[in-house]
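Residue-level structure breakdown
In case you want the letters, here they are:
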Amino acid sequence: MTKEKKPKKPSRQQVFTLLVEVGRKTGDGLPKGATGAALVCYASGVDEAEAVRETVAILKQADLAPLEISGYGTLEERLAEGHDIPDEEQALMARALEENSVIVAQMTPFFEEKA
């Protein structure tokens, strides 16, 4: 007797673009003199709330201190809004979906301006 394989359900996972501001924390790896950083992340989740939770958990494991997160939606939503999204970015989004992961695509450290 053989069991029939059930057809695989399509994944409900989507990839969300998140902008995360982080503060300083011992061992965070940010450059000396930086007051924090902005990270562009691509995170998979069934909804944006799950993507945010996963991103916060991963960043905390990496000794970063997330302060504020802004969501910019899925690839489809961003394209519908007229965003120009280069192929490299779309490839990172596809990888985040395939690996069910959080990918930090860009990190920009903040430095205090001297008066």
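None of these values were measured; they are calculated from a predicted model.

**Structural notes on helix H1 (residues 48–61)**
The terminal C-alpha atoms of H1 lie 20 Å apart, and with 14 residues this matches the ideal 20 Å at 1.5 Å per residue to within 8%. Residues of H1 that are buried in the fold lie against strand E1 (14–23), strand E2 (34–45), strand E3 (65–74) and strand E4 (102–111). Capping the start of H1 is the job of one residue whose side-chain oxygen sits 3.3 Å from the backbone nitrogen of Ala-49: Asp-47. In the stretch just after H1, Asp-63 is the one whose phi turns positive, near 65°.

**What about the pairing of E2?**
Extensive coverage of E2 is indicated by the burial of 10 of its 12 residues. Here E1 runs beside E2; their pairing, made up of nine bridges, is antiparallel. Across the sheet, Leu-19 pairs through a bridge with Val-40, a residue of E2. Direction of pairing for E2 relative to E4: antiparallel, over a ladder of nine bridges. Counterpart to Leu-39 in the pairing with E4 is Met-107.

**With respect to the environment of Asp-47**
Within the secondary structure, Asp-47 sits in the loop between E2 and H1. The class for Asp-47 is partly exposed, based on a relative accessible area of 36%. Residues Asp-47 and Thr-74 lie 27 residues apart in sequence; the distance between their C-alpha atoms is 9.6 Å.

**Observations regarding the pattern of salt bridges**
Enumeration over the complete set of coordinates arrives at three salt bridges. Glu-89 serves as the salt-bridge partner of Arg-78, at 3.5 Å between the closest nitrogen and oxygen. Of the two residues, Arg-78 is situated in helix H2 (residues 75–80) and Glu-89 in helix H3 (residues 87–99); the sequence distance between them amounts to 11 residues. Taking the shortest distance from any N to any O, the salt bridge between Arg-95 and Glu-99 comes out at 3.1 Å. Linking Arg-95 with Glu-99, this pair stays in helix H3, spanning four residues, or about one helical turn. Note on Arg-95: relative accessible area 43%, which makes it partly exposed.

Conventions adopted
- Residues numbered from 1 in each chain as written.
- Predicted model: local features only at pLDDT ≥ 70, side-chain atom pairs only at ≥ 80, totals over all residues.
- Heavy atoms only, no water.
- Helix = DSSP H or I, 4+ residues; strand = E, 2+ residues; numbered from the N terminus.
- Expected span 1.5 Å × (residues − 1).
- Contact = heavy atoms within 4.5 Å.
- Polar contact = N/O pair within 3.5 Å; in protein donor to acceptor, adjacent residues only side chain to side chain.
- Buried < 20%, exposed > 50% of the residue type's maximum accessible area, 1.4 Å probe, protein only.
- Pairing = 2+ DSSP bridges.
- Salt bridge = Lys/Arg side-chain N within 4 Å of Asp/Glu carboxyl O.

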